[in-house]
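What follows is the residue order along each chain.
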Amino acid sequence: MAESATTRPHWASRLGFVLAAAGSAVGLGNIWKFPYITGENGGGAFVLVYLGFILLIGLPIMMAEFLIGRHGQKDAVGSFIVLEGARSPWRFVGWAAVAASFLLLSFYAVVAGWSFDYIVKAATGAFSGRSAEEISALFGGLVSNPVKVIFWQLLFLATTCVIVLGGVRGGIERWSKILMPALFFLLLLLFVRGMFSPGAERALAFMFSPDFSALTPTSLLDALGHAFFTLSLGAGTMITYGSYLEKDVDLFPLALRITILDTMVALLAGLAIFSIVFAAGLEPGAGPGLVFQTIPIVFVGLPFGALLAVLFFVLLSFAALSSSISMLEVSVAYLIDEKGWTRLKSTVLLGAGAFLVGLPCALSFNTWSEVTILFGRNFFDAYDLLVSSYMLPLGGLLASIYAGWFWQEGEEKSELVGEVERPWLYPLWHFLVRYLAPVAVIMIILNQTGVLG
Ligand code: PHE
């Protein structure tokens, strides 16, 4: 099926778009990554800084990306070409986004594969009758087994490809409608359960009482990178999803809703997980295994626990899928729109490519655990650092510089403000994307690299 600009598919409904974009935003970033990096960065102060970045930098940049995509009605590269012409250097920003989303997918699939494995563990009763320590130890058993990890990584990527083959509406929109709310309710349940557990008080204190002395330049960069990661910014995703949006949609409330939802999911997951950590005497800074080492512990003590554990990892896997399809869609849309490839060819080749590029990450916890690149990091940490801390913030930075400094004012203003009376919106947004976001991103990156001393 050829997808040309004239027949560009659009979202079936506004709700469908919000759910798909929220589906992209809500993923492993919220439930797997946010808790573990919060644990590593000492809690409260990190959370506060992260929330500030979400609101003041993430939300305005999300709006900028939606606007760019909706205006261009094309993939991340094509939208810049429509705006600035075929020879404009801005198209490199689109390419960088395509590269970032591809690299991100290759690494993301490894972690999502772990979640697949945990569905099987839960379904076969691997957690029942075990102590908290025994459950935590299962994680090491999984990641040290390269065959298993690669098998699940491959299966996850194949699933992602199948959904993306279904195209925007059929594939992406339909599933998000059912599974996102289900995930939210299950997290709510875990949160409530956590708040009635002996770890509740320490979990709340850990996440919300800030100790600013714990903040290092690296934690600032982690918080910034994660604000981009969790909102799916800087990777062309929101440009691409915005391009499937009708012109008359009022963007601000949509972007705000997505941001709030994403943040709530992360906070719920964090509180649920830390209440388990403190009740069971585990380590908040346990690293990338944290969610897998903690959540199953709660289910063991709940009625229908085994069933709920299966449900949890099924929903976590779906949350990961609704994010991974949005990553793959960025480069698929690029190849379809710019290179005239078919959806089938683009999807299959990119899926296979992401598998190969991701292999070193799958081996990072086993066969290649001794192999280090990039200042002593294994491949897994190096990919994460490169994409989350540098590529996404830089991609978002360039999008905000474009929207704040180079885009014709009248054009973006009328599209942003739309029909609705909100006189404060444009000046505020414009200030944030023109000054605050670029200055903050540049300073945090320079601060980390030591340039600011
Ligand atoms: N936001 C997703 C998550 O939190 C990850 C993502 C990043 C998806 C960038 C698309 C683009 O898991």
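Below is a summary of the structure that appears in this document. Remember, it's a predicted structure, so these values are computed and weren't measured experimentally.

## Quick word on the overall build of the protein
Phase 1: A tally of regular secondary structure across the protein gives 18 helices and 0 strands.
Phase 2: Dimensions along the principal axes, computed over C-alpha positions, put the protein at roughly 60 × 50 × 45 Å.
Phase 3: A buried classification covers 60% of the 453 residues belonging to the protein.
Phase 4: For the protein, long-range pairs separated by at least 24 residues make up 82% of all intrachain contacts whose partners lie at least 6 apart in sequence.
Phase 5: The protein carries 24 positive and 29 negative side-chain charges, and their two centres are separated by 6 Å.

## Regarding the layout of surface pockets
Phase 1: In this structure, the largest pocket spans a volume of roughly 380 Å³.
Phase 2: As for the largest pocket, its lining consists of 17 residues, and the residues nearest its centre are Ile 37, Glu 40, Asp 222, Asp 384 and Leu 385.
Phase 3: Elements with a minimum of two residues in the lining of the largest pocket: helix 2 (28-40), helix 10 (217-230) and helix 16 (379-406).
Phase 4: Across the lining of the largest pocket, the residue classes tally to 4 nonpolar, 7 polar and 6 charged.

## Things to note about the packing of helix 3 (residues 44-72) against helix 18 (residues 425-449)
Phase 1: Taken N-terminus to C-terminus, the directions of helix 3 and helix 18 make an angle of 115°; their axes are 9 Å apart at the nearest point. Relative to helix 18, the element helix 3 lies roughly perpendicular. Read as a crossing pair, helix 3 and helix 18 show a hand that is left-handed. The residues of helix 18 that touch helix 3, namely those facing Phe 53, Leu 56, Ile 57, Pro 60, Ile 61, Met 63, Ala 64 and Leu 67, are Leu 425, Trp 429, Leu 432, Val 433, Leu 436, Ala 437, Ala 440, Val 441 and Ile 444.
Phase 2: Classifying every residue of the contact of helix 3 with helix 18 by side-chain character gives 17 nonpolar, no polar and no charged.

## Quick word on the packing of aromatic side chains
Phase 1: Using the criterion set out here, one finds 37 aromatic pairs in the structure.
Phase 2: The interplanar angle of 15° and the centroid separation of 6.2 Å between the aromatic rings of Phe 80 and Trp 90 together place this pair among those described as stacked. Here Phe 80 is found in helix 4 (residues 76-84), whereas its partner Trp 90 is found in the loop between helix 4 and helix 5 (91-123), with 10 residues between them in sequence.
Phase 3: You can call Phe 80 buried: its relative accessible area is 1%.
Phase 4: Ring plane angle 80° and centroid distance 5.2 Å describe the contact between Trp 114 and Phe 139, whose orientation is recorded as edge-to-face. Remark: Phe 139 occurs in helix 6 (residues 132-143) and Trp 114 occurs in helix 5; sequence separation between them is 25 residues.
Phase 5: According to the relative accessible area criterion, Phe 139 is buried, its value standing at 7%.

## Topic: the nonpolar core
Phase 1: Residues Trp 32, Trp 114 and Phe 312 are the most contacted members of the largest nonpolar core, which totals 162 residues.
Phase 2: Sorting elements by how many residues they give to this core places helix 14 (residues 305-339) first, with 18 residues.
Phase 3: Ignoring any residue separated from it by four or fewer positions in sequence, one finds Phe 312 in contact with Ile 31, Leu 186, Leu 187, Leu 190, Val 291, Ile 295 and Phe 299.

## Let's talk about the packing of helix 10 against helix 16
Phase 1: As a packed pair, helix 10 and helix 16 sit with axes 8 Å apart at the nearest point and diverge in direction by 60°. Taken together, helix 10 and helix 16 sit at an angle that is classed as oblique. For the pair helix 10 and helix 16, the crossing hand works out as left-handed. Together, Leu 221, Asp 222, Leu 224, Gly 225, Phe 228 and Phe 229 of helix 10 and Ser 388, Ser 389, Tyr 390, Leu 392, Pro 393 and Gly 396 of helix 16 make up the contact between the two elements.
Phase 2: Of the residues in the contact of helix 10 with helix 16, the class split is 7 nonpolar, 4 polar and 1 charged.

## A short note on the site of the ligand
Phase 1: Residues in contact with the ligand amount to 16 residues; listed here are only the nearest, Ala 25, Gly 29, Tyr 108, Phe 229 and Ser 232.
Phase 2: Here Tyr 108 contributes a side-chain N or O atom positioned 2.5 Å from an oxygen atom of the ligand.
Phase 3: The backbone of Phe 229 places a nitrogen or oxygen atom 2.7 Å from a nitrogen atom of the ligand.
Phase 4: Relative to its free-state accessible area of 330 Å², the ligand is covered by the protein chains to the extent of 100%.

## Digging into the environment of Leu 321
Phase 1: Within the secondary structure, Leu 321 is located in helix 14.
Phase 2: Leave out the neighbours within four places in its chain, and Leu 321 touches Phe 156, Thr 159, Thr 160 and Ile 163.

## A short note on unusual backbone geometry
Phase 1: Phi at Gln 73 takes a positive value of approximately 55°, unusual for a residue other than glycine.
Phase 2: Secondary-structure assignment places Gln 73 in the loop between helix 3 and helix 4.
Phase 3: Within the chain, Ser 232 stands out as a residue other than glycine whose phi angle is a positive 60°.
Phase 4: Mapped onto the elements of the fold, Ser 232 is located in the loop between helix 10 and helix 11 (237-243).
Phase 5: Residue classification places Ser 232 among the buried residues on the basis of a relative accessible area of 10%.

## Here we look at helix 10
Phase 1: Taking 1.5 Å of rise per residue, the 14 residues of helix 10 would be expected to cover 20 Å, and the 20 Å separating its terminal C-alpha atoms lies within 8% of that figure.
Phase 2: With respect to burial, helix 10 is a largely interior element, 10 of its 14 residues being buried.
Phase 3: Buried residues of helix 10: Ser 219, Leu 221, Ala 223, Leu 224, Gly 225, His 226, Ala 227, Phe 228, Phe 229 and Thr 230, and no others.
Phase 4: Following helix 10 by one or two positions, Ser 232 has its phi on the positive side, about 60°.

## Some thoughts on the pattern of salt bridges
Phase 1: Evaluation of the coordinates by the stated rule reveals 4 salt bridges.
Phase 2: Close ionic contact of Asp 384 with Lys 33 constitutes a salt bridge, the shortest N to O distance being 2.9 Å. Taken together, the residues span a long stretch of sequence, with Asp 384 in helix 16 and Lys 33 in helix 2 at a distance of 351 residues.
Phase 3: The class of Asp 384 is buried, set by a relative accessible area of 10%.
Phase 4: Looking at Lys 33, the relative accessible area reads 4%, which means it is buried.
Phase 5: Measuring nitrogen to oxygen at the nearest pair gives 3.0 Å for the salt bridge that ties Arg 343 to Glu 329. Of this pair, Arg 343 sits in helix 15 (residues 343-362) while Glu 329 sits in helix 14; the two residues are 14 residues apart in sequence, bridging distant segments of the chain.

What counts as what
- Each residue is numbered by its place in its chain's sequence as written, counting from 1.
- Note on the predicted model: pLDDT of at least 70 is required for a residue's local features to be given, and 80 or more for side-chain atom pairs to be given and counted; whole-chain, interface and lining totals, by contrast, use all residues.
- Excluded from the side-chain calculations are hydrogens and water; all other atoms, namely the structure's heavy atoms, are used.
- Numbering of helices and strands runs from the N terminus, with a helix taken as a DSSP run of H or I at least four residues long and a strand as a DSSP run of E at least two residues long.
- Whether a residue is buried, partly exposed or exposed follows from its accessible area with a 1.4 Å probe, protein chains only, as a fraction of its type maximum: under 20%, in between, or over 50%, in that order.
- Whether two residues are in contact is decided by their heavy atoms: any pair within 4.5 Å suffices.
- In this count, Lys and Arg are taken as positive residues and Asp and Glu as negative ones, while His and the chain termini are left out.
- Where a charge lies is defined by one atom per residue type, namely NZ (Lys), CZ (Arg), CG (Asp) and CD (Glu).
- Lining residues are those with an atom within 4 Å of a point, where the points come from a 1 Å grid over the protein atoms alone and group into cavities, where a 1.4 Å probe fits but cannot get out, or pockets, open sets with protein on both sides within 12 Å along at least five of seven lines.
- Grid points are joined across faces, edges and corners, and a volume is the space filled by probe spheres set on the points.
- For this classification, the nonpolar set comprises Ala, Val, Leu, Ile, Met, Phe, Trp, Tyr, Cys and Pro, the charged set comprises Asp, Glu, Lys and Arg, and every other residue, Gly included, is treated as polar.
- Helix axes are fitted only over the stretch in contact, all axes being lines through C-alpha atoms; the angle between N-to-C directions runs from 0 to 180 degrees.
- Throughout, the term roughly parallel applies to angles under 35 degrees, roughly antiparallel to angles over 145, roughly perpendicular to angles from 65 to 115, and oblique to all others.
- Two helices cross in a left-handed way if the nearer one is turned anticlockwise from the farther one by less than a right angle. They cross in a right-handed way if the turn is clockwise.
- For Phe, Tyr and Trp, where Trp contributes only its six-membered ring, two rings pair if their centres lie within 6.5 Å, and the inter-plane angle classes them as stacked under 30 degrees, edge-to-face over 60, or tilted in between.
- What makes a nonpolar core is a set of buried Ala, Val, Leu, Ile, Met, Phe, Trp, Tyr and Cys residues whose side-chain atoms join them at distances within 4.5 Å.
- What makes a residue near a molecule or strand is one non-hydrogen atom of that residue sitting within 4 Å of it.
- We call two N or O atoms a polar contact when they sit within 3.5 Å, provided that within protein one can donate a hydrogen and the other can accept it, with sequence-adjacent residues counted only if both atoms are side-chain atoms.
- All accessible-area figures derive from a Shrake-Rupley calculation using a 1.4 Å probe, and residue coverage is judged against the displayed protein chains alone.
- Residue count minus one, scaled by 1.5 Å, sets the expected span of a helix.
- Salt bridges are counted wherever a side-chain nitrogen of Lys or Arg sits within 4 Å of a carboxyl oxygen of Asp or Glu.

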